[in-house]
Amino acid sequence: MKMSEDNDNVDRVDSENCKPDKMFTLKKWNAVAMWSWDVECDTCAICRVQVMDACLRCQAESKKDYYGKQDCVVVWGECNHSFHYCCVSLWVKQNNRCPLCQQEWSIQRMGK
Amino acid sequence: MNRSSTPVSIFGTNKVNLKNFNRSSDMKKIFIKKFRGNPVLPPNYYENTWNKLRDAIISIQNSSILKYSLEELYGDVESMCIHNMSHFLYDNLYYLVENHVGQSVSSFLNDSLNDPQEFLTVINNTWVIHCKQMSTIRNIFIHLDRTYVLHNVQTASIWDMGLDLFRQYIIRNCLVKTKITDALLLLIKQERDANTIDRDLIRSIIRMLTILQIYKPVFEEKFYTESENMYAAEANYCIKNFDLPEYLSHVRKRFKEEYNRGNQYLDSGTMPRLITIIEKNFIADQIQKTLDKGLNKLLDSRDHYNLSLLYLLLGRVKSGHAELCAGFNSYMKQYGRNVVSHPENDKNMVKMLLDFKDAMDDVVAKCFEKNEKFTNSLKEAFEYFINLRINAPAELVAKFIDSKLRIGNKESTDEELEILLDKIMVLFRFIHGKDVFEAFYKKDLAKRLLFGKSASVDYEKSMLSKLKEECGGGFTSKLEGMFKDMELSKDINGAFKQHLSHSLNNTQDTEFTPLDMTVNTLTMGYWPTYPIMNVVLPEEMLRYQEIFNNFYLSKHSGRKLAWQPTLGYCVVRAQFKVGIKELLVSLLQTLVLLLFNGKNELSYEYIKGASNIEDLELKRTLQSLACGKTRVLLKRPKGRDVEDTDYFMYNADFKNKLFRVTVNQIQMKETTEEQKATEERVFQDRQYQIDAAIVRIMKTHKALSHNTLVSELCLQLKFPVTLADLKKRIESLIERDYMERDKEIQNQYNYL
């Protein structure tokens with residue numbers, strides 16, 4: 001579907017641009033982008049591991065399974081501080097405050 | 001009825017017969033009369049009988065015909081024994097034999113018997129005849145043996161008496177004895193010098209010596225000395241004048257000959273020591289010379305036959321295999337050092353090492369009986385030389401794997417490739433700097449995945465599982481993550497295409513040019529880091545980028561995307577005089593090309609300003625477009641290098657056989673800067689690892705001397721480090737107040 005659409009279009013462009021005015025047309029773009037968590041501080045203050053990597057616990061366990069870290073996501077509190085979800089959920093069991101600013105902890109959003 | 005009556009009737013008849021018999025015995029009586037007086041021997045019985053026997057013995061000794069039958073003589077002996085004449089009989093017999101043997105000795109003392117062969121023949125004949133005679137005599141006098149000799153412990157049997165006398169009179173004679181020894185040794189020497197001798201004669205003589213129990217004193221000792229002298233001289237001569245294969249086959253020949261000699265005529269007890277003598281002279285004493293002489297040459301030419309022989313022969317002596325192993329080891333190290341330490345070999349190094357490993361494995365398997373000592377030595381040698389140059393082998397192995405995974409099964413079958421990869425893993429195992437390997441492997445893998453250059457996912461996965469097996473999941477988890485990213489990207493792109501066509505249908509914007517856009521979204525941290533570059537994208541591309549951005553973030557909240565212009569590539573439709581061509585170009589090349597739309601000539605400065613590509617990268621890009629093999633642009637003035645003052649224009653006359661032309665070779669190839677950067681990154685990582693290790697060790701020990709710390713570090717760190725590196729890191733940690741120098745004890749550190 002898409003391909004035929006493409007070709008039609010390119011042909012149209014070509015016929016329009018026979019004059020050497022538009023010699024080059026972009027047809028296909030294979031782009032590369034790196035994703036990372038959109039966080040202010042890139043280490044988790046609880047386990048001291050970069051939030052891009054799995055937290056310490058998950059690292060120790062994930063050696064067993066194939067793609068270890070997929071489940072170790074980041075979580076943002078209302079205070080905008082971010083931690084590993086695993087780390088903070090253990091933390092709030094003892095103390096329901098953000099370890100960095102002592103505000104009451106409530107989840108603003110989760111990394112996905 | 002019938003049955004019971006029969007025995008009765010038989011019984012009845014018997015009774016009758018018995019009666020008849022009794023009656024007849026009454027009629028005739030037999031009387032046995034008493035013998036009156038003892039029987040008396042005929043007069044002169046002793047003299048007569050002995051004379052008879054003596055005549056018989058003498059004629060036996062003279063080999064003349066016997067007058068009496070043997071049976072008669074035997075009977076005479078028996079009756080004499082019965083009449084208590086054994087003692088005289090034995091003494092007389094002894095005297096007769098002694099007399100005869102004593103006489104025959106004179107025949108050996110004859111001076112004319114100088115030829116050893118002749119002399120031994122005479123001795124042998126005498127001996128054979130003596131045995132024969134003694135055997136006949138013994139048979140006649142066997143009764144004497146069985147009665148008299150048996151009852152008198154000190155008396156030797158007739159046979160032994162014969163041997164005893166023979167020994168006493170002939171062999172004990174000094175002259176005869178030396179003559180026998182000399183003759184034997186001379187003949188054996190002749191045989192060793194490759195002459196044919198009468199082996200039966202020698203065997204017979206040696207048997208004689210053995211039977212007479214004088215084999216050891218008369219022959220064996222001297223034989224050993226003689227062999228020792230001869231072989232010592234010979235070994236020295238041979239090792240000097242023969243090359244190794246010749247020498248080996250000579251030694252083997254000697255062994256064969258001596259074993260043969262042992263089987264043919266030597267006493268079996270002689271063999272072990274004789275073999276030891278050869279082993280000592282030809283092998284043990286010459287080990288070093290043997291190995292120095294030609295081991296390397298044999299290994300160079302992979303001469304399996306002679307290597308096996310060498311192994312076999314050296315195995316006979318105690319330290320033989322150890323010495324051979326040492327020689328083997330130093331040969332491998334020398335070869336390896338030559339390959340590894342010369343950068344001009346870099347191109348072929350991995351191939352050379354693989355071939356070398358194969359060859360050496362082959363040698364160990366086929367020639368050295370898979371001896372564990374040699375297998376280990378092989379490993380040790382490889383590990384030694386592969387790490388001689390710190391980073392190069394690790395890098396080259398990674399590159400080699402890269403090239404194989406790109407080619408895939410185009411050059412070889414699946415199994416061959418699999419075997420090859422296994423072999424490379426063996427080399428990999430020897431490498432200490434596994435982090436260097438990982439860095440380069442990762443970078444190459446990234447390129448293969450992003451540019452679709454990998455021949456087959458199966459090979460990639462297979463390689464990955466090999467690495468995982470070797471180094472554990474920690475080593476490969478990021479590499480695995482890269483594959484996962486690629487798979488996820490495929491799904492995302494599928495969804496994005498649908499999203500795109502959907503939103504395009506809804507838009508009224510006619511300016512909007514459809515573009516086939518795919519995006520590889522990579523997880524930061526899994527992949528190598530690439531320099532951030534802020535280039536100016538055309539509006540159209542920016543729009544697409546924006547659409548994707550929104551699309552992606554709607555699916556994955558909490559993330560951010562960083563676009564990597566250096567990694568993207570595009571297909572650009574280009575209009576030339578010959579017609580339309582499709583150019584496969586990098587994103588940066590695309591940006592430059594798109595600038596030429598509607599323009600005739602652009603200056604370097606303009607391109608730089610419009611694209612915002614940094615100098616180095618822009619020059620490379622322009623060079624690839626205007627100075628490479630496929631010149632889509634023209635440069636003014638012409639030249640191989642791009643200067644700041646150059647002008648560029650569109651090359652309308654561009655020609656190429658193909659419709660789809662690949663221009664972005666440069667992006668695929670690794671530059672020296674990239675290589676340096678990778679090495680630098682590895683180096684940086686190592687610094688952190690050293691720091692971490694130092695802190696870890698100091699934390700557990702609190703106070704530690706410099707030397708202990710260093711040796712602990714060497715144990716913990718998995719990559720090669722120099723002492724200077726460690727010192728620098730320790731200094732830096734002291735500066736940063738992680739630890740301090742002890743104020744009193746020299747060379748001691750305290751953890752703070």
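The structure displayed is predicted, hence computed values, not measured ones. Residue indices begin from 1 for each chain and proceed along its sequence in written order. By the order in which they are written, chains take letters starting at A while ligands take numbers starting at 1. At least 70 in pLDDT is required for a residue's local features to be given in this predicted model, at least 80 for side-chain atom pairs to be given and counted, and no such filter applies to totals for whole chains, interfaces and linings, which use all residues. Only hydrogens and water are set aside; all other atoms, that is, all heavy atoms of the structure, feed into the side-chain values.

Asks: Give a detailed account of the pairing of strand S1 (residues 24-37) of chain A, specifying residues and quantitative values.
Replies: Here S1 of chain A lies mainly inside the structure; 13 of its 14 residues are buried. A pair of strands is treated as paired once DSSP finds two or more bridges between them. Every helix listed is a DSSP run of H or I at least four residues long, and every strand listed is a run of E at least two residues long, numbered separately from the N terminus. Sheet analysis places S1 of chain A next to strand S3 (residues 569-576) of chain B, joined by 6 bridges and oriented antiparallel. Paired with phenylalanine 24 of chain A across the two strands is alanine 574 of chain B, which belongs to S3 of chain B. Where S1 of chain A meets strand S1 (residues 516-523) of chain B, 8 bridges bridge the pair, whose relative direction is parallel. For methionine 34 of chain A, the partnering residue across the bridge sits in S1 of chain B and is leucine 522 of chain B. In this structure, S1 of chain A lies alongside strand S2 (residues 559-563) of chain B, joined through 5 bridges in antiparallel fashion. If you follow methionine 34 of chain A over to S2 of chain B, its bridge partner there is alanine 562 of chain B. Under the scheme applied here, a residue whose accessible area is under 20% of the maximum for its type counts as buried, over 50% as exposed, and between as partly exposed, the area being computed with a 1.4 Å probe on protein chains only.

Asks: Mind laying out the confidence of the model for chain B, listing which residues take part and the relevant values?
Replies: All names here are of chain B. The predictor rates its confidence in each residue with pLDDT, a number between 0 and 100. Considering every residue of chain B, the mean pLDDT works out to 84; 94% of them sit at 70 or more. Any pair of residues with heavy atoms lying within 4.5 Å of one another is described as a contacting pair. Here residues 1-16 is a poorly scored stretch, pLDDT under 50, and it has 0 contacts once near neighbours within four places are set aside; other chains count. This prediction of the complex comes with two scores: 0.72 for pTM and 0.76 for ipTM.

Asks: Now, about the interface of chain A and chain B: what can you tell me, with residues and values included?
Replies: At the junction of the two partners, chain A supplies 39 residues and chain B supplies 65 residues. Accessible surface is computed with a 1.4 Å probe, and the buried area is the amount of it that two parts give up when combined, taken over both parts together. Buried area between chain A and chain B, both sides added, is near 5,200 Å², and the carbon and sulfur share of it is 56%. Per-residue buried area on chain A facing chain B is highest for Phe24, Trp29 and Met34 of chain A; these three make up 20% of the total on that side. The salt bridge definition used is simple: a Lys or Arg side-chain nitrogen within 4 Å of an Asp or Glu carboxyl oxygen. The interface formed by chain A and chain B includes 1 salt bridge. Glutamate 582 of chain B is paired through a salt bridge with lysine 27 of chain A; the nearest N and O atoms lie 2.7 Å apart.

Asks: Tell me about the sheet that holds strand S6 (residues 633-636) of chain B, and please be specific about residues and values.
Replies: All names here are of chain B. If you walk across this open sheet you meet the 3 strands as S5-S7-S6, and the pairing is antiparallel. In this open sheet, the two edge strands, each paired with only one partner strand, are strand S5 (601-603) and S6. On average, adjacent strands in this sheet sit at an angle of 30° to one another, irrespective of strand direction. Lying on the sheet, helix H25 (residues 604-611) is in contact with S5 and strand S7 (647-650); it crosses S5 at an angle near 80°. Axis definition: a line fitted to C-alpha atoms, limited for helices to the stretch in contact. Angles are taken between N-to-C directions and run from 0 to 180 degrees.

Asks: Describe the sheet that holds strand S9 (residues 703-705) of chain B, with residues and values.
Replies: Residues and elements named next belong to chain B. Spatially, 3 strands are ordered S9-S11-S10 in an open sheet, and the strand pairing comes out antiparallel. Both outer strands of the open sheet, S9 and strand S10 (739-741), are each paired with one neighbouring strand and no more. Averaged over all adjacent pairs, the angle separating strand axes in this sheet is 25°, with direction ignored. Note: S9 against strand S11 (residues 748-751), 3 bridges, orientation antiparallel. Across the sheet, the residue bridging to serine 705 is glutamine 748, located in S11. Relative to S10, helix H30 (residues 723-735) is tilted by about 105°, and along the sheet it contacts S10 and S11.

Asks: Explain the pattern of salt bridges residue by residue, including any values.
Replies: All names here are of chain B. Throughout the structure, instances matching the rule amount to 45 salt bridges over all chains. With a shortest N-O distance of 2.6 Å, arginine 686 and aspartate 435 are connected by a salt bridge. With a gap of 251 residues between them, arginine 686 in helix H28 (residues 672-701) and aspartate 435 in helix H20 (residues 434-450) connect regions that are remote in the sequence. An identical accessibility class is assigned to arginine 686 and aspartate 435; each is buried. A single network of salt bridges, built from pairs that share partners, joins Glu191, Arg192, Arg199, Glu258 and Arg261.

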